[in-house]
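# Coordinate analysis (summary)
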Amino acid sequence: MVNGQFEKVYRKENKMFIYLVALACFLSNISQLPLLVSAGMTQKLNMPIWIVLLLYLFLKKRIKIFYSTFKMIFAIGVVFILILLSSIFTNNAYFSSSVLQCLLLSFFIYCLGTFVGGDFTDKDLRFICLSYAVSATIVAISIYLEYFSVGFDITSRQYAYASKNSISQIIFTSIIILMFIRFEKVRMFNWFKILAIIFEVLLLMLLKSRATIIGFAICLLYIIIGKQFNRKLKYLLMTIVIIGTLTLLLNDSMFNMVVDNIMFAGRDASSLDSLTSGRVSILSEFPMLIDGHWLTGVGALYFECFPVSCILQFGVITGSIIIGISYLPIIKGIRFDRSDIYTSIFVIVCIGYGINSIFEGLAPIGPGVKCYFMWLMYGILCTRKIERNIGFEGNSYE
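In this report, we go over the structure that sits alongside the text. (Residues numbered from 1 in each chain as written. Predicted model: local features only at pLDDT ≥ 70, side-chain atom pairs only at ≥ 80, totals over all residues. Heavy atoms only, no water.)

What follows covers the overall build of the protein. Scanning the protein from terminus to terminus reveals 18 helices and two strands. Looking at the 398 residues of the protein, the share that counts as buried comes to 49%. Across the protein, every contact between residues at least 6 apart in sequence was considered, and the portion connecting residues at least 24 apart equals 72%. Split by element, the accessible area of the protein, about 19,400 Å² in all, is 67% carbon and sulfur. (Helix = DSSP H or I, 4+ residues; strand = E, 2+ residues; numbered from the N terminus. Buried < 20%, exposed > 50% of the residue type's maximum accessible area, 1.4 Å probe, protein only. Contact = heavy atoms within 4.5 Å. Areas by Shrake-Rupley, 256 points an atom, 1.4 Å probe, with all protein chains shown as cover.)

The next point concerns the environment of phenylalanine 107. Residue position: phenylalanine 107 is located in helix α5 (residues 98–117). Classification of phenylalanine 107 as buried rests on a relative accessible area of 14%. As a C-alpha pair, phenylalanine 107 and isoleucine 73 span 34 residues in sequence and 8.7 Å in three-dimensional space. Once you skip the residues sitting within four places of it in the chain, phenylalanine 107 turns out to touch Thr69, Met72, Ile73 and Ile76.

Taken as a whole and judged by the stated rule, the model has 20 aromatic pairs. Where phenylalanine 346 meets tyrosine 378, the ring centres are 6.1 Å apart and the plane angle is 10°; that geometry is what we call stacked. Of this pair, phenylalanine 346 sits in helix α17 (residues 341–359) while tyrosine 378 sits in helix α18 (residues 372–387), placing them 32 residues apart in sequence. Pairwise contacts between aromatic rings join Phe107, Tyr110, Phe336, Phe346 and Tyr378 into one cluster. (Phe/Tyr/Trp six-rings, centres within 6.5 Å; stacked < 30°, edge-to-face > 60°.)

What follows covers unusual backbone geometry. Proline 364 follows alanine 363 through a cis peptide bond whose omega is 10°. Here proline 364 shows up in the loop between α17 and α18. A cis amide bond links glycine 366 with the next residue in sequence, proline 367, at an omega value of 0°. As for its position among the elements, proline 367 is in the loop between α17 and α18. Within the chain, asparagine 91 stands out as a residue other than glycine whose phi angle is a positive 65°. Counting through the fold element by element, asparagine 91 comes out in the loop between α4 (67–90) and α5. A relative accessible area of 70% places asparagine 91 in the exposed class. The residue lysine 208 is not glycine, and still its phi comes out positive at about 60°. Along the chain, lysine 208 turns up in the loop between α8 (188–207) and α9 (210–225). Its relative accessible area of 1% is what places lysine 208 among the buried residues.

Turning to the state of the cysteines, a few remarks are in order. In this structure the tally under the stated criterion is zero disulfides. Its sulfur unpaired, cysteine 371 is 8.4 Å from the next cysteine sulfur, which belongs to cysteine 102. According to the relative accessible area criterion, cysteine 371 is buried, its value standing at 1%. Free cysteine: cysteine 382, not disulfide-bonded; nearest cysteine sulfur from cysteine 350 at 9.6 Å. (Disulfide = S-S within 2.5 Å.)

This part covers α9. The end-to-end C-alpha separation of α9 is 23 Å, in line with the 22 Å expected for 16 residues at 1.5 Å each. Where α9 is concerned, the buried positions are Arg210, Ala211, Thr212, Ile213, Gly215, Phe216, Cys219, Leu220, Ile223 and Ile224. (Expected span 1.5 Å × (residues − 1).)

Where helix α6 (residues 122–148) contacts α8, the two axes come as close as 11 Å, and the packing angle between them is 50°. Classed by the angle they form, the pair α6 and α8 counts as oblique. As for the relative orientation of α6 and α8, their crossing is left-handed in sense. Across from Ala133, Ala136, Thr137, Ala140, Ile141, Ile143, Tyr144 and Phe148 in α6, the residues of α8 making contact are Phe199, Glu200, Leu203, Leu206 and Leu207. Among the residues forming the contact of α6 with α8, the class breakdown is 11 nonpolar, one polar and one charged. (Axes fitted to C-alpha atoms, helices over the stretch in contact; angles between N-to-C directions. Parallel < 35°, antiparallel > 145°, perpendicular 65-115°, else oblique. Left-handed = near helix turned anticlockwise from the far one by under 90°. Nonpolar A, V, L, I, M, F, W, Y, C, P; charged D, E, K, R; others polar.)

The structure is reproduced here in structure tokens:
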């Protein structure tokens, strides 16, 4: 009886920061509404709530900093010291690189996740995930109404929505969340969930963000062949994949639409460079650009492949450390126990973001709100495991 009363009081005290985390996720996604993006309101809408959350946690909660967080702080500190030394000897503009800005923002979100993760129950994680999925669906509907409902030529090589790569990752994350979460009390919500998944998958195809589509397809295969995932989900996905594959093979018009117009985006199928939107040509320039700069890099320069971009901008040593920090959630996440649905969501999202980083210059740390969900979940899940003494470093400092 006493324990039950204590639990109720404890939950009441912790509800506020849980609501703030959910609101931060909601506003971060809502900031990607086309109207707000065109008005330059993206950062003005999403950044203040994260700062409010941080201030609230410092004022109302005892902050625990774990040994694993200190190791990441140390690694980032080493990165900045090496960059400072390189800038002294080369005069290259390292600190204006978007990679560093996104790295610090991702680390900030990760820290927030570790600060709140120990108090998060499965019910709280569900609330956060649904907040993300609902807001992402609202943005998806808005993009469809503004850019596709009036008509769009799927055979065109032009992209209907310029910010397709960022929003596609958000939609991909929403799809994964909705795939794993079930509504037991109000089963009618499962039908709305299915409709949302179908709509978001179709929008993903219309956006023609091929890096995200490839990542999504690989993630589906990983769920099907992977261990510890829900069997019903595996069998359902296997059935859908088989039916979809047969439909493409037996229907020429469907094959042309999906393969030629979406995956190839109307480009010359005989030219790999054309199919990859010039990425082969871009990558072929790497040896020439890095020549003579292997140790220090060339400074701030956007490059369409995150690992290569890090080496090019900061050199082999510093770039490798940045790559290691950036891929840490993915490396750790693959080893997580996937019997829990929220860990399963995290693992699949990590794989999707990792694949995306091969084709993009800032994933899995950015740009903007594109990848924050992975870092938030990484912080929360790591802290939950530490608090429960499941194979993580248990040292913490309050």
